[in-house]
Amino acid sequence: LQQKSPLSTKPAYGSIMRHTVAYAMDDVHSRTRTERIVARRGVFHWLPVAYSNDLVHGAWWYVLASLVLTIASAMVLINAYHRRYLGEDDSTLDTFRYRAAWVLMTISGFLFTLGSFAFVRATHDDPPLPPLFTGPRWYHVQSDELLGAWLFFWGTVPVVPYTLLYL
């Protein structure tokens, strides 16, 4: 699956995001990494530079946020079975619906966390990481962006039954 990008001197590994990032980074020899990142920002040049590019930096913040969602949902779910951790809840739902709602939130958070890890891999370009799944059997997840997008999609699916629990 490794192919030569027509716009870059680096292999693209079949990744659209990696392809566009590599195109912007072809002048590696004339500027430092920090100068290249700041030059692409426009008006946000005052922000600090972290990681190999801003996409990776933002993706790590998304990993942190989705991990917090997963942990918070799991803590409330644990509290639904053992009330000694967070105390009583004033929910209007019956016990089964209350627990089901937090199970669905925990599943969503877990899938968002995995999807955001896939996007961290997809945006990492120094050096580019090969995709997790390759070959003809993995057509729909053959790049890390596709894997992350599918995980985000499956992370939003539990929202439908979650909202139905409140009807």
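Note that the structure is a prediction, hence the values are computed from the model and not measured.

> Describe helix α5 (residues 144–156), listing the residues and the values that go with them.
Spacing of three or four residues puts side chains on the same side of an α-helix, whose turn is 3.6 residues. Across its 13 residues, α5 extends 18 Å between first and last C-alpha, which sits within 8% of the 18 Å expected from 1.5 Å per residue. Buried residues of α5: Asp144, Glu145, Leu147, Gly148, Leu151, Phe152 and Gly155, and no others. Buried residues along α5 cover an arc of 160° about the axis, so they all sit on one side.

> An account of the packing of helix α3 (residues 54–81) against helix α4 (residues 95–123) is needed here, citing residue identities and associated values.
Helix-helix packing is characterised by the crossing angle of the two axes and by the distance between the axes. At a minimum axis separation of 8 Å, α3 and α4 run at an interaxial angle of 160°. Considering their axes alone, α3 and α4 lie roughly antiparallel with respect to each other. Judged by the twist between their axes, the crossing of α3 over α4 is left-handed. By residue class, the composition of the contact of α3 with α4 is 22 nonpolar, 8 polar and 1 charged.

> Describe in detail the environment of Leu55, supporting the description with residues and values.
Locating Leu55 in the fold gives a position in helix α3. Looking at Leu55, the relative accessible area reads 40%, which means it is partly exposed.

> Could you give an account of the side chain of Thr113, with specific residues and numbers?
Mapped onto the fold, Thr113 is located in helix α4. Within the structure, Thr113 has its side chain in polar contact with the side chain of Thr70 (distance 3.4 Å). Sequence-distant contacts of Thr113, that is, excluding residues within four places in its chain, are made with Ser66, Leu67 and Thr70.

> Any chance you could break down a nonpolar patch on the surface for me, citing the residues and the numbers?
A cluster of nonpolar side chains, Leu67, Ile71, Met75, Ile78 and Leu86, forms an exposed patch at the surface whose accessible area comes to about 430 Å². On the secondary structure map, Ile78 appears in helix α3. Look at Ile78 and you get partly exposed, because its relative accessible area is 38%.

> Which residues make up the packing of aromatic side chains, and what values go with them?
A full pass over the atoms with the stated rule returns 6 aromatic pairs. Centre to centre, the rings of Phe112 and Phe152 are 6.0 Å apart; their planes meet at 50°, and the pair counts as tilted. A residue pair is termed long-range when its members are at least 10 positions apart, and Phe112 in helix α4 and Phe152 in helix α5 qualify at 40 residues. Of the two residues, Phe112 and Phe152, both sit in the buried class. Three or more aromatic residues link up through ring pairs in this structure, and these residues are Tyr62, Phe112, Phe119 and Phe152. For Arg99, the ring lying beneath its charged end belongs to Tyr81, and the centroid distance is 3.9 Å.

Here is what the cut-offs are and how they apply
- Within any chain, residue numbers begin from 1 and follow the written order of that chain's sequence.
- Two thresholds apply to this predicted model, a pLDDT of at least 70 for residue-level local features and 80 or more for giving and counting side-chain atom pairs, whereas whole-chain, interface and lining totals are computed over all residues.
- No hydrogens and no water enter the side-chain calculation; it runs on all heavy atoms of the structure.
- Note on conventions: DSSP H or I runs of at least 4 residues are helices, E runs of at least 2 residues are strands, and numbering of each starts at the N terminus.
- Expected helix span is computed as 1.5 Å times (number of residues minus one).
- Think of it in three bands: with a 1.4 Å probe and only protein chains considered, a residue is buried below 20% of the maximum accessible area for its type, exposed above 50%, and partly exposed in between.
- Arc definition: directions from the helix axis to the C-beta atoms.
- Each axis is a line fitted through C-alpha atoms, taken for helices only over the stretch in contact, and angles between the N-to-C directions span 0 to 180 degrees.
- Throughout, the term roughly parallel applies to angles under 35 degrees, roughly antiparallel to angles over 145, roughly perpendicular to angles from 65 to 115, and oblique to all others.
- Crossings are classed by handedness, with left-handed meaning an anticlockwise turn of the near helix from the far one by less than a right angle and right-handed meaning a clockwise turn.
- Classification convention: Asp, Glu, Lys, Arg as charged; Ala, Val, Leu, Ile, Met, Phe, Trp, Tyr, Cys, Pro as nonpolar; all other residues, Gly among them, as polar.
- Each polar contact in these results corresponds to two N or O atoms within 3.5 Å; when the atoms are within protein, one needs to be able to donate a hydrogen and the other to accept it, and residues that are neighboring in sequence are counted only if both atoms are side-chain atoms.
- The contact definition used throughout considers only heavy atoms, calling two residues in contact when any of these lie within 4.5 Å.
- Patch definition: residues above 30% relative accessible area lacking any salt bridge, with like charges linked at up to 9 Å and the nonpolar side chains Val, Leu, Ile, Met, Phe, Trp and Tyr linked at up to 5 Å.
- In short, Shrake-Rupley with a 1.4 Å probe defines the accessible areas, and a residue's cover is counted only from the protein chains shown.
- A carboxyl oxygen of Asp or Glu within 4 Å of a side-chain nitrogen of Lys or Arg is what we treat as a salt bridge.
- When two rings of Phe, Tyr or Trp (its six-membered ring) have centres within 6.5 Å they constitute a pair, described as stacked for plane angles under 30 degrees, edge-to-face for angles over 60, and tilted for the intermediate range.
- Placement of a positive charge over a ring is assigned whenever Lys NZ or Arg CZ falls within 6 Å of the ring centre and within 35 degrees of the normal to the ring plane.

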